[in-house]
Amino acid sequence: MGYRLTRQDLMRDLYVAFYDARKHKASMSYVVQFEKHLKRNLEDLCDALMSRTYTAQPSKCFIIDYPKKREVFAAKFVDRVVHHLYYNYTNQLFERTFIQDTYSCIKGRGTHYGIERLDGHIRKESQNYQVPCHVLKLDIRGYFMHINRYRLLEIATSSLLKMSTHKIRKGGQTTWADVIDMDFVLWLTREIVLLDPKINCEIVGSWDNWLGLDRSKSLFFTDDGCGLPIGNLTSQLFSNVYLNVFDQYMKRELHCKHYGRYVDDAYIVSPDKDWMLSLVPKIRHFLKVELGLDLHMGKLHVCNVAHGVEFLGAYVKPYRIYVSNQSLRRVRQNLNEIDFTDPEKVFRTVNSYLGMFIHYASYNLRHELFMHSDFLKIAPYDEGMTKMKKFNLITSRDNEQNLWNSIRLRTCQTGCEPHRHRLLFRRSSRRRSQDMARGVFLQEAVPTAEY
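A quick note: this is a predicted structure, and the numbers were derived from the prediction, not measured.

Any details on the nonpolar core? Residues and values, ideally.
The biggest cluster of nonpolar side chains holds 88 residues, and the ones touching the most others in it are L14, L49, F238, I268 and I283. Broken down by element, this core gets its largest block of residues, 10 residues, from helix α4 (residues 77-95). Apart from residues no more than four positions distant in its own chain, L49 is found in contact with L10, L14, Y54, L85, F184, W187 and L188. Membership of the second largest hydrophobic core comes to 39 residues, among which are Y103, V305, A314 and V323.

What follows is the structure, encoded as structure tokens:
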């Protein structure tokens, strides 16, 4: 018979979904307004869902320019609560059908995981860079805008029905159908997937903002029944569900052992370059026939791993991984525009970038970007320069000078390798003059004999 959702259980799940949707947005005006009458709003939503009369409200549509021009449809907050509700019900069922090398919108499998997996695949296929090896990079043209919603509904429904009979835990007796109301989930899947976000949407800004945007990246120019709105949590989930068919084909039919994908960016690693290129016509045919998608031939590249491979904002080279030039340009641009009159925001921004850089070979880069007076006036760094320490505003030149002394003293006491000190304090005359121009007060390195 299976589990049947009660109103009490749905209200409990809606509260969980509300706090998930509220996370990091508690100060937003629409969240504040919704929370003023939280109980009533959630009860009304619960009644609509239980009676299956729920329909999504019109979205707001606008253009963003960073990091590149995109069209975004932002759902109303009440619909975001529903999206989180649906995600909480289904994400584990869908994720168990994915291959290990699907990286996006999966807890613990983000960009850093994807980069590490690529590095691992390269090391295996190249025998730790002892054998010539290549990476074939694939990209799908206008992916989100060309997803066929009816085909997506078919794939999602099939996956949910298949997983509903599976045991939740190995050796256990409880199936997913015993804890999730599959009829309710299937109905909600249809409501979310088949929604056309263009209907009655509210355009934010001027239509001139769309100038320069490729038509293949706008829902307003897609075929009927195609396209998912960028910006919804469910769109990220469904993007993996849709291409899971492709992942299975790559692994089971084409036997690509070292294959991975992040949204619409995929790669194959192999020492046999000709074999990889022979797969391209098969891949193009499968994507077109089964999913109605086109392979972007302009972004199809074969990279020699000895020269490095760029993937997800990183550059994977033999025995080390760097930040890609494209990512670095964005960071430099943002730092040039940073507002030092808001120390708390600077503190969060710097720690965010340091949290990214510590995954790569970037010690010198972190020092170049962040070790100067404007940042040192905000807060000190830890010993490895992996993060800014607890917020502590530094207001005077004397405090700044004392901070440099403390960094030098702390570093010498740790007993780390001498070259790290030389990187930090012993500069060429050209670099020293550049640092002085930025207002960085450098100390001379302690004599080498003291090490």
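Explain the sheet that holds strand β7 (residues 301-304) to me, and be specific about the residues and the numbers.
Taken together, the 4 strands give an open sheet; going across it, the order is β5-β6-β3-β7, and neighbouring strands pair in antiparallel fashion. Unpaired on one side and paired on the other, β5 (259-262) and β7 mark the two borders of the sheet. Sheet twist, expressed as the mean angle between neighbouring strand axes with direction ignored, is 20 degrees. Bridge count for strand β3 (residues 134-139) against β7 is 4 bridges, and the pairing is antiparallel. Among the inter-strand pairings, H134 is bridged to a residue of β7, identified as N304. Each of β3, β5 and β6 (265-270) is contacted by helix α5 (residues 111-125), which is oriented at about 20 degrees to β6, the strand it contacts most. Each of β5 and β6 is contacted by helix α8 (residues 233-253), which is oriented at about 170 degrees to β5, the strand it contacts most.

Requested: an account of empty space enclosed by the protein, with residues and values cited.
Per the stated rule, a full pass over the model turns up 4 cavities of 30 Å³ or more. Taken together, 14 residues make up the lining of the largest cavity; nearest its centre are H83, I192, L195, N232 and T234. Those elements that provide at least two residues to the lining of the largest cavity are α4, α7 (182-193) and α8.

Explain the sheet that holds strand β8 (residues 309-311) to me, using residue names and the numbers behind them.
What the 3 strands build is an open sheet, ordered β8-β9-β10; its pairing is antiparallel. Each edge of the open sheet carries a strand with a single partner, namely β8 and β10 (320-323). For this sheet, the mean angle separating the axes of adjacent strands, direction not counted, is 30 degrees. Across 3 bridges, the pairing between β8 and strand β9 (residues 314-317) is antiparallel.

Account for the pairing of strand β2 (residues 70-74), naming residues and giving values.
With 4 of its 5 residues buried, β2 lies for the most part within the structure. Pairing geometry for strand β1 (residues 60-64) and β2, over 5 bridges, is antiparallel. Bridge pairing in β2 links F62 to V72. Count of turn residues in the β1/β2 antiparallel hairpin: 5 residues.

Break down a positive patch on the surface for me, citing the residues and quoting the values.
Residues K68, R70, R141, K217 and K299 make up a contiguous surface patch of positive charge. The exposure class of R141 is partly exposed, given its relative accessible area of 38%.

I'd like to hear about the packing of aromatic side chains, residue by residue, with values.
In total, this model carries 22 aromatic pairs according to the counting rule given. An angle of 50 degrees between the planes, with centres 5.7 Å apart, marks the rings of Y86 and F238 as tilted. Residue Y86 is located in helix α4, and its partner F238 is located in helix α8; the two are separated by 152 residues in the primary sequence. Neither Y86 nor F238 differs from the other in exposure class; each is buried. The rings of F18, Y19, Y30, F34 and F77 are connected pair by pair, giving a single aromatic cluster.

Calculation criteria
Residues numbered from 1 in each chain as written. Predicted model: local features only at pLDDT ≥ 70, side-chain atom pairs only at ≥ 80, totals over all residues. Heavy atoms only, no water. Core = buried A, V, L, I, M, F, W, Y, C linked by side-chain atoms within 4.5 Å. Buried < 20%, exposed > 50% of the residue type's maximum accessible area, 1.4 Å probe, protein only. Helix = DSSP H or I, 4+ residues; strand = E, 2+ residues; numbered from the N terminus. Contact = heavy atoms within 4.5 Å. Pairing = 2+ DSSP bridges. Axes fitted to C-alpha atoms, helices over the stretch in contact; angles between N-to-C directions. 1 Å grid on protein atoms, 1.4 Å probe; cavity = no way out; pocket = protein on both sides within 12 Å on 5 of 7 lines; lining within 4 Å. Points joined across faces, edges and corners; volume = space filled by probe spheres on them. Patch = residues over 30% accessible without salt bridge, like charges linked within 9 Å, V, L, I, M, F, W, Y side chains within 5 Å. Areas by Shrake-Rupley, 256 points an atom, 1.4 Å probe, with all protein chains shown as cover. Salt bridge = Lys/Arg side-chain N within 4 Å of Asp/Glu carboxyl O. Lys, Arg positive; Asp, Glu negative; His and termini not counted. Charge placed at Lys NZ, Arg CZ, Asp CG, Glu CD. Phe/Tyr/Trp six-rings, centres within 6.5 Å; stacked < 30°, edge-to-face > 60°.

Any functional reading would require information beyond the geometric quantities listed.
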